[in-house]
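Descriptive structure summary
The chain contents come next:
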Amino acid sequence: RSTFILGIGGGIVTDIAGFVASTYMRGLPFGFVATTLLAQVDASVGGKNGVNFEGYKNMVGTFNQPDFVLCDLSLLDTLPEQEFQAGLIADRGLFELFERHELEEFRRDRALLLEAVTRAIRVKADIVARDEKERGDRRKLNLGHTFAHAIEKTSRDFLHGEAVAIGTVMIAQLSARSGTATQAEAERVRRVFERMGLPTESGIELRKLLKALKHDKKKEAKSVSFILMKGLGDCEVKPYTFDEIDPLTLKTVHRLMKPGA
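What comes next is a walk through the structure. Within each chain, residue numbers correspond to sequence positions counted from 1 in written order. The predicted nature of this model means local features are confined to residues of pLDDT at least 70 and side-chain atom pairs, given and counted, to a pLDDT of 80 or more, with totals for whole chains, interfaces and linings taken over all residues. Based on all heavy atoms of the structure, the side-chain values leave hydrogens and waters out of the count.

Focus on the packing of helix α4 (residues 92-100) against helix α9 (residues 183-195)
When two helices pack together, their arrangement is captured by the angle between the axes and the distance separating the axes. What counts here: To get an axis, fit a line to the C-alpha atoms, keeping to the stretch in contact for a helix; angles then go from 0 to 180 degrees between the N-to-C directions. For the purposes of this entry, the term helix denotes a DSSP run of H or I that reaches at least four residues, the term strand denotes a run of E that reaches at least two, and both are numbered from the N terminus. An angle counts as roughly parallel when it lies under 35 degrees, as roughly antiparallel when it exceeds 145, as roughly perpendicular when it falls between 65 and 115, and as oblique in every other case. Less than a right angle of anticlockwise turn of the near helix away from the far helix marks a crossing as left-handed, whereas a clockwise turn marks it as right-handed. Residue contacts are defined here by distance: any two heavy atoms, one from each residue, within 4.5 Å place the two residues in contact. Residues were grouped as follows: Ala, Val, Leu, Ile, Met, Phe, Trp, Tyr, Cys and Pro as nonpolar; Asp, Glu, Lys and Arg as charged; and all remaining residues, including Gly, as polar.
Look at α4 against α9: their axes get within 9 Å of each other, and the N-to-C directions meet at 55°. When the axes of α4 and α9 are compared, the pair comes out oblique. Considering only the axes of α4 and α9, their crossing is left-handed. Judged by residue contacts, Arg92, Phe95, Glu96, Phe98, Glu99 and Arg100 of α4 engage Arg188, Val189, Val192 and Arg195 from α9. Per-class residue counts for the contact of α4 with α9 are four nonpolar, no polar and six charged.

Written as structure tokens, this is what we have:
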């Protein structure tokens, strides 16, 4: 039980290492060296250690904090562009930072990248400190993930960060339709992801997405919670029944097929 487990790698590696360490012999000490941008700003931070089950995202897991997380930006120099793009995460100020700079600037300018990574970690760490077990505010970190998990269940074509980008664009449109954000704000979300070279549409048949959506781990009885935007920089949690999801999603996807309409 004195064995120390060290997970060196991206989000999948840190999740598996954390899960094994948390469950084997009722818990071993563990730490992470995060080697991808997504792992540095998200996957390795917060104490969630989950693994997929029967194709569904993170259905089995624990809340358990590592002893440490090391984020060395020099490790990101070896990332292919697709992996680097998939690590974007933002609050309002960080969102605006991505609006002002091109992707290549983040790859080239170590100080700019350090600012982005540091701010992203601080945002998540602050929320986790208030709500470690995801009973309140931490649910807001799932922005875009309800659709993203359905995309990942249905298709192997997207990295997690890419699926979240698509899911966030869909949620932005749904938020605009629900009146919690404006259409102009939803279009800003789409444009910043496109600026970073991320996909904003999945091309997956709607029927398949809806089927996967109804098996999301955040479902409760006959409803699923969506994290809607409240403008830029804030969110709210809103449950929808399965009867409501179909027409809402149909309208959202219809809107996505006609960007700028």
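Structure shown, so let's carry the discussion forward.
Section: the packing of aromatic side chains
Ring pairs (aromatic) are described by centroid distance and by the angle formed between their planes. What counts here: Paired rings are identified among Phe, Tyr and Trp, the last through its six-membered ring, by centres lying within 6.5 Å, and are further divided according to the angle between planes into stacked (under 30 degrees), edge-to-face (over 60) and tilted (the rest). Exposure classes here rest on a 1.4 Å probe applied to the protein chains alone. A residue is buried below 20% of its type maximum, exposed above 50%, and partly exposed in between.
Tallied over the full model, the rule gives five aromatic pairs. Relative to Phe68, the ring of Phe4 has its centre 5.7 Å away and its plane inclined at 10°; by these criteria the two rings are stacked. Taken together, the residues span a long stretch of sequence, with Phe4 in the segment before β1 (5-9) and Phe68 in the loop between β4 (56-63) and β5 (69-71) at a distance of 64 residues. According to the relative accessible area criterion, Phe68 is partly exposed, its value standing at 33%. Aromatic pair Phe147 and Phe226: ring centres 5.3 Å apart, planes at 50°, arrangement tilted. Linking Phe147 in helix α7 (residues 145-154) with Phe226 in strand β7 (residues 223-229), this pair joins segments that are 79 residues apart in sequence.

Focus on the packing of α7 against helix α8 (residues 160-178)
Two numbers describe how α7 lies on α8: the axes approach to 7 Å, and their chain directions differ by 130°. Considering their axes alone, α7 and α8 lie oblique with respect to each other. The two elements α7 and α8 cross, and the hand of that crossing is right-handed. On the side of α7, the interface is formed by His145, Phe147, Ala148, His149, Ile151 and Glu152, while α8 contributes His160, Ala163, Val164, Ile166, Gly167, Met170 and Ile171. In terms of residue class, the contact of α7 with α8 is built from eight nonpolar, four polar and one charged.

Section: the pairing of β7
Note the threshold: Two strands are counted as paired when DSSP detects at least two bridges linking them.
Summarising burial for β7: seven of the seven residues are buried, a large majority. Of the two faces of β7, the one carrying Ser223, Ser225, Ile227 and Met229 and the one carrying Val224, Phe226 and Leu228 are both buried. Where β7 hands over to strand β8 (residues 235-241), the hairpin turn is made up of five residues, of which Gly231 adopts a positive phi near 70°.

Regarding helix α1 (residues 11-23)
Since the α-helix packs 3.6 residues into each turn, any two residues three or four apart lie on the same face. Applicable threshold: Expected helix span is given by 1.5 Å per residue-to-residue step, counting one fewer step than there are residues.
The end-to-end C-alpha distance of α1 is 18 Å, a good match for the 18 Å that 13 residues give at a rise of 1.5 Å each. Inspection of α1 places Thr14, Asp15, Ala17, Gly18, Ala21 and Ser22 among the buried residues, and these make up the whole buried set. The inward-facing, buried residues of α1 abut β1, β2 (30-34), α2 (37-43), β3 (48-53) and β4. Among the residues trailing α1, Met25 stands out with phi positive, at a value near 55°.

Focus on the pairing of β2
Residues in a regular strand project their side chains so that they alternate between the two faces of the sheet. The criterion, for reference: Handedness of a crossover is defined as follows: orient the strands so they point away from the viewer, and if the path from the first strand over the helix to the second runs clockwise, the crossover is right-handed.
Burial runs high along β2: five of the five residues are buried. Where β1 meets β2, five bridges bridge the pair, whose relative direction is parallel. Looking at β2, one finds that Gly7 is bridged to Phe32. What joins β1 to β2 is α1, and the crossover it makes is right-handed. Across three bridges, β2 lies against β5 in parallel orientation. Each residue of the ladder has a partner; that of Phe32, found in β5, is Val69.

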